[in-house]
Amino acid sequence: MTSTDPTVLPDPWQSLHQLLAAMDAEIEQVYVERGIKGVRPRFAYPLIRLAHTGPLTIRELAESLNRSHSAISQTIAAMRKEDLVTSEPGPDARTRRVNLTERGRSLVPFLEAEWRATHATVAELDGEIPYAMTAVVEEVRRALEHRSMRERILRHLTEPPR
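Residues numbered from 1 in each chain as written. Predicted model: local features only at pLDDT ≥ 70, side-chain atom pairs only at ≥ 80, totals over all residues. Heavy atoms only, no water.

Caption draft 1: Representation of the packing of helix H3 (residues 58-65) against helix H4 (residues 69-81) within the structure. For the pair H3 and H4, the least separation of the axes is 9 Å and the interaxial angle reads 115°. One way to sum up the angle between H3 and H4 is to call them roughly perpendicular. In the packing of H3 onto H4, the handedness of the crossing is right-handed. For the pair H3 and H4, the contacting residues are Ile58, Arg59, Leu61, Ala62 and Leu65 in the first and His69, Ile72, Ser73 and Ile76 in the second. For the contact of H3 with H4, the residue count by class is six nonpolar, two polar and one charged. (Axes fitted to C-alpha atoms, helices over the stretch in contact; angles between N-to-C directions. Helix = DSSP H or I, 4+ residues; strand = E, 2+ residues; numbered from the N terminus. Parallel < 35°, antiparallel > 145°, perpendicular 65-115°, else oblique. Left-handed = near helix turned anticlockwise from the far one by under 90°. Contact = heavy atoms within 4.5 Å. Nonpolar A, V, L, I, M, F, W, Y, C, P; charged D, E, K, R; others polar.)

Caption draft 2: Main features of the side chain of Thr57. Its location among the elements puts Thr57 in strand S1 (residues 56-57). When near neighbours in sequence (up to four residues on either side) are disregarded, Thr57 contacts Thr95, Arg96 and Arg97.

Caption draft 3: Region of the structure containing the packing of aromatic side chains. A complete count under the given rule lists two aromatic pairs for this structure. The interplanar angle of 35° and the centroid separation of 5.1 Å between the aromatic rings of Tyr45 and Trp115 together place this pair among those described as tilted. Within this pair, whereas Tyr45 is found in helix H2 (residues 41-53), its partner Trp115 is found in helix H5 (residues 102-128), the two being separated by 70 residues in sequence. The class of Tyr45 is partly exposed, set by a relative accessible area of 24%. (Phe/Tyr/Trp six-rings, centres within 6.5 Å; stacked < 30°, edge-to-face > 60°. Buried < 20%, exposed > 50% of the residue type's maximum accessible area, 1.4 Å probe, protein only.)

Caption draft 4: Representation of H2. Of all the residues in H2, the buried ones are Pro41, Phe43, Ala44, Pro46, Leu47, Ile48 and Leu50. With its phi angle positive at about 85°, Gly54 sits one or two positions after the end of H2.

Caption draft 5: How the structure looks around a nonpolar patch on the surface. Together, Trp13, Leu16, Leu19, Leu20, Tyr131, Val136, Val140, Leu144, Met149, Ile153, Leu154 and Leu157 line one region of the surface with nonpolar side chains, adding up to about 1100 Å² of accessible area. When contributions to the nonpolar patch are tallied by element, the ones reaching two or more residues are helix H1 (14-33), helix H6 (133-146) and helix H7 (149-156). Among the structural elements, Leu19 can be located in helix H1. By relative accessible area, Leu19 is classed as partly exposed at 42%. (Patch = residues over 30% accessible without salt bridge, like charges linked within 9 Å, V, L, I, M, F, W, Y side chains within 5 Å. Areas by Shrake-Rupley, 256 points an atom, 1.4 Å probe, with all protein chains shown as cover. Salt bridge = Lys/Arg side-chain N within 4 Å of Asp/Glu carboxyl O.)

Caption draft 6: Quick look at unusual backbone geometry. The backbone phi angle of Asn66 is positive, close to 55°, even though this residue is not glycine. Structurally, Asn66 is set in the loop between H3 and H4.

Caption draft 7: Just the pattern of salt bridges, in detail. Within this structure, the stated rule accounts for six salt bridges. When salt bridges with common partners are traced through the structure, they connect Glu138, Glu139, Arg141, Arg142 and Glu145 into a single cluster.

Caption draft 8: Looking closely at the pairing of strand S2 (residues 85-89). As paired elements, S2 and strand S3 (residues 96-100) share five bridges and run antiparallel to each other. From the neighbouring strand, Val85 faces S3, where its bridge partner is Leu100. Between S2 and S3, which follow one another and run antiparallel, lie six residues. (Pairing = 2+ DSSP bridges.)

Caption draft 9: Structural detail: the sheet that holds S3. Strand order in this open sheet of three strands is S1-S3-S2, and the pairing throughout is antiparallel. Whereas interior strands pair on both sides, the edge strands pair on one side only; in this sheet they are S1 and S2.

Caption draft 10: Examining the pairing of S3 more closely. Across two bridges, S1 lies against S3 in antiparallel orientation. When the bridges of S3 are listed, Thr57 appears paired with Arg97.

Right under this line is the structure:
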């Protein structure tokens, strides 16, 4: 343990996390206002994809969404609790095939409309601010391609004496 608690310093990630959480909360509020309960914004992407592809294993779904297996597995578990998807044993004992329930399928047209409206909203925001969010994200991605986050952390890391 060091002599000072580094977590008392301002967290450079906090404002980004708060912004994303606030945006998700507002999207969720749109769902609630439409009478859609128990649906989180993070459910839209897999629900829409499953509607277009049919049943997929968790691994196939994760790969198609460019998400981690763990994240999709947790999302599927939460969606199952809300009667949006079912999961059944897949081709082997280690896999599970995920399919939409009738409730999940009935929500897809609205979720697709919300998806498009959200993308239009992001484009609108990009036009209103001096540095477009999408451009900033792309610039950060390019900078990290040049020198990874890991490399940057290691450059600043001073390990405590043993």
